Amino acid sequence: MNKSMFLTPYFSQDSDQFQFTRQQASYFAKKVAGDFNPIHDEDNKRFCVPGDLLFAVLLSKEGISQKMRFDFSGMVNNGVALSVDNKCEKESSVVDANGKEYLHMSREGEKSVNADFIEHVVTSYVQFSGMNFPHIMVPLMEEQQMMINCQRPLVIYESMEVEFDHLDLTHPEVEFSGATFDVEGKRGLVTLNFIFKENGQVVGRGLKRMVASGLKPYDQASVDDLVERFNARKEAFLEQFASAA
């Protein structure tokens, strides 16, 4: 299958293997997903490739099925050669040369390999997904009166599920439909719910789960500082990018 051209700048392909440089992964996070999590910065010691980029490449290779579930099981570093392991018609995994699994997809129902449709769904979802901080996370933390560690924020993508009513679609848009934050001690599970709409009709739904660890009692000043730093980093990147264009 032809991989979607829009992803070409964000990974390198060599026969059936693919990998990411720090710059490719960082640019995808910031330019496509609007995700300014420091863990995706090129110079971060704890750098990892965004889960949404793994998800995007997997869909570009495997197509979109009516019902899909994705489970993230490992963080990918730069320069790791990956490939897609098709366990059977309904199961695929992104694995490295040692067989270590980083992302597992199970699927059912109809399947579409239309590159424009895949690009549209991926872009719409990833832009929504990257929005979780601060727009969604901050109100949730305030409501629960618990917050992530603002000096070393760590929120890990755990899983994502999507189900379409049918695949006779061209441009479904993702809309946020509510979120929950279940806190147990210093650990919390964030669930973002969303729907897909086309021509005003709901045509699908999904959810994304993230695990937040190292939670602390909520402190408004620390959260305000974190949001301020986030916005400053975003502005600096966009300015640098605009001047380079």
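For the structure given in this document, a descriptive report is provided here. (Residues numbered from 1 in each chain as written. Predicted model: local features only at pLDDT ≥ 70, side-chain atom pairs only at ≥ 80, totals over all residues. Heavy atoms only, no water.)

Examining the overall build of the protein
Turning to step 1, where the next piece is worked out: Within the protein, the regular secondary structure consists of five helices and twelve strands.
Turning to step 2, where the next piece is worked out: With 245 residues in all, the protein has 47% of them scored as buried.
Turning to step 3, where the next piece is worked out: In the protein, once contacts between residues fewer than 6 apart in sequence are set aside, the share between residues at least 24 apart is 67%.
Turning to step 4, where the next piece is worked out: Taken as two groups, the 25 positive and 36 negative side-chain charges of the protein have centres that lie 5 Å from each other. (Helix = DSSP H or I, 4+ residues; strand = E, 2+ residues; numbered from the N terminus. Buried < 20%, exposed > 50% of the residue type's maximum accessible area, 1.4 Å probe, protein only. Contact = heavy atoms within 4.5 Å. Lys, Arg positive; Asp, Glu negative; His and termini not counted. Charge placed at Lys NZ, Arg CZ, Asp CG, Glu CD.)

Quick notes on the packing of helix H2 (residues 51-62) against helix H3 (residues 115-129)
Turning to step 1, where the next piece is worked out: Two elements in contact, H2 and H3, have axes whose closest approach is 10 Å; the angle formed by their N-to-C orientations is 170°. By the angle class used here, H2 and H3 are roughly antiparallel. Counted together, Asp52, Phe55, Ala56, Leu59 and Ser60 of H2 and Ile118, Val122, Tyr125, Val126 and Ser129 of H3 form the full contact between these two elements.
Turning to step 2, where the next piece is worked out: Taken together, the residues of the contact of H2 with H3 break down into seven nonpolar, two polar and one charged. (Axes fitted to C-alpha atoms, helices over the stretch in contact; angles between N-to-C directions. Parallel < 35°, antiparallel > 145°, perpendicular 65-115°, else oblique. Nonpolar A, V, L, I, M, F, W, Y, C, P; charged D, E, K, R; others polar.)

Overview of empty space enclosed by the protein
Turning to step 1, where the next piece is worked out: Counting across every chain of the model gives one cavity of 30 Å³ or more.
Turning to step 2, where the next piece is worked out: By volume, the largest cavity amounts to about 30 Å³.
Turning to step 3, where the next piece is worked out: For the lining of the largest cavity, the elements supplying multiple residues, two or more each, are H2, H3 and strand S8 (155-164).
Turning to step 4, where the next piece is worked out: Split into classes, the residues belonging to the lining of the largest cavity amount to nine nonpolar, no polar and no charged. (1 Å grid on protein atoms, 1.4 Å probe; cavity = no way out; pocket = protein on both sides within 12 Å on 5 of 7 lines; lining within 4 Å. Points joined across faces, edges and corners; volume = space filled by probe spheres on them.)

Read these as spatial facts, not as claims about activity.
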